[in-house]
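Descriptive analysis of the structure
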Amino acid sequence: MPHYAHMVSVNRLQVHAHLGFYTGERAKLQPIELCFRLYFPEAPLCARDDEADFIDYGSLCKVLTDYIATREFKLIEFMGAELFRQLRADLDARGGAEIKLWLRMNKIAAPVAGLTGGASFTHCDLPAGATVSTND
């Protein structure tokens, strides 16, 4: 059973998106938050060497914000899965195929009476049975 003891976590990236099942809801930008984690099977070189290659989480945030800026989405499940695919493709292109990815998308202001905290969708590619270290 694999264990992923090393993680980079990006917490609560706030962006605005055209998101909603109904046309009127999608017509205006709505706040969403994105969190993602990069799980490493071994400590990355940059954990031992301050000059080593690293994955720039700022550029990963830009991948997400650029993608969101050019699209409309009806469902949080579809949007979350699409954002996951974008990050996964970017990590793979950078040689990070061994890195596992976890992503949560939260629609902060879902238009449901009494709903506080919004509605979320989470997607990951950690293998079944894997154990991870978290900062929760």
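The text that follows walks through the structure, step by step, so that each part is easy to find. In this text, all values refer to a predicted model and were calculated from it rather than measured experimentally.

With that settled, the discussion passes to the overall build of the chain. Of the regular secondary structure elements, the chain holds 3 helices and 7 strands. Going from N to C terminus, the chain has its helices and strands arranged as β-β-α-β-α-β-α-β-β-β. With respect to the three principal axes, the spread of C-alpha positions in the chain is 50 × 30 × 20 Å. Taking all 136 residues of the chain together, 38% fall into the buried category.

Strand pairing in a sheet takes place through backbone hydrogen bonds and is either antiparallel or parallel in direction. Read across the sheet, 5 strands follow the order S4-S2-S3-S5-S6 without closing on themselves; strand pairing throughout is mixed. In this open sheet, the two edge strands, each paired with only one partner strand, are strand S4 (72–73) and strand S6 (119–124). Pairing of strand S5 (residues 100–107) with S6 involves 6 bridges; the strand directions are antiparallel. Across the sheet, residue Asn106 finds its bridge partner in S6, namely Ser120. Sheet strands touched by helix H2 (residues 57–69): strand S2 (6–19), strand S3 (30–40), S4 and S5. Its angle to S2, the strand with the most contacts, is close to 20 degrees.

Taken as a whole, this structure holds 8 salt bridges when the rule is applied. The partner of Asp66 in a salt bridge is Lys62, and the shortest N-O contact between them spans 2.7 Å. Of the two residues, Asp66 and Lys62 are both situated in helix H2; the distance of 4 residues between them amounts to about one turn of the helix. The exposure class assigned to Lys62 is partly exposed, which follows from its relative accessible area of 47%. Here Glu82 and Arg85 are joined by a salt bridge, their closest N and O atoms 2.6 Å apart. Of this pair, Glu82 and Arg85 both sit in helix H3 (residues 76–93), separated by 3 residues, roughly a single helical turn. A relative accessible area of 15% places Glu82 in the buried class. Linked through salt bridges whose partners overlap, the residues forming this network are Arg88, Asp92 and Asp125.

Counting through the fold element by element, Pro44 comes out in the loop between S3 and H2. Between the C-alpha atom of Pro44 and that of Ile55, which follows or precedes it by 11 residues, the distance is 9.7 Å.

Tracing the sequence through the fold places Phe54 in the loop between S3 and H2. Relative accessible area serves as the criterion here: at 58%, Phe54 is assigned to the exposed category. When the C-alpha atoms of Phe54 and Pro44 are compared, they prove to be 7.9 Å apart, with 10 residues separating the residues in sequence.

The biggest cluster of nonpolar side chains holds 27 residues, and the ones touching the most others in it are Ile32, Leu34, Phe36, Leu38, Met79 and Leu83. Only S2, S3, H2, H3 and S5 provide two or more residues apiece to this core. In terms of residue count, H3 provides more of this core than any other element does, 6 residues in total. In terms of nonpolar packing, the next biggest core, distinct from the first, is built from 5 residues, Tyr4, Tyr39, Trp102 and Leu126 among them.

Rules and cut-offs
Residues numbered from 1 in each chain as written. Predicted model: local features only at pLDDT ≥ 70, side-chain atom pairs only at ≥ 80, totals over all residues. Heavy atoms only, no water. Helix = DSSP H or I, 4+ residues; strand = E, 2+ residues; numbered from the N terminus. Buried < 20%, exposed > 50% of the residue type's maximum accessible area, 1.4 Å probe, protein only. Pairing = 2+ DSSP bridges. Contact = heavy atoms within 4.5 Å. Axes fitted to C-alpha atoms, helices over the stretch in contact; angles between N-to-C directions. Salt bridge = Lys/Arg side-chain N within 4 Å of Asp/Glu carboxyl O. Core = buried A, V, L, I, M, F, W, Y, C linked by side-chain atoms within 4.5 Å.

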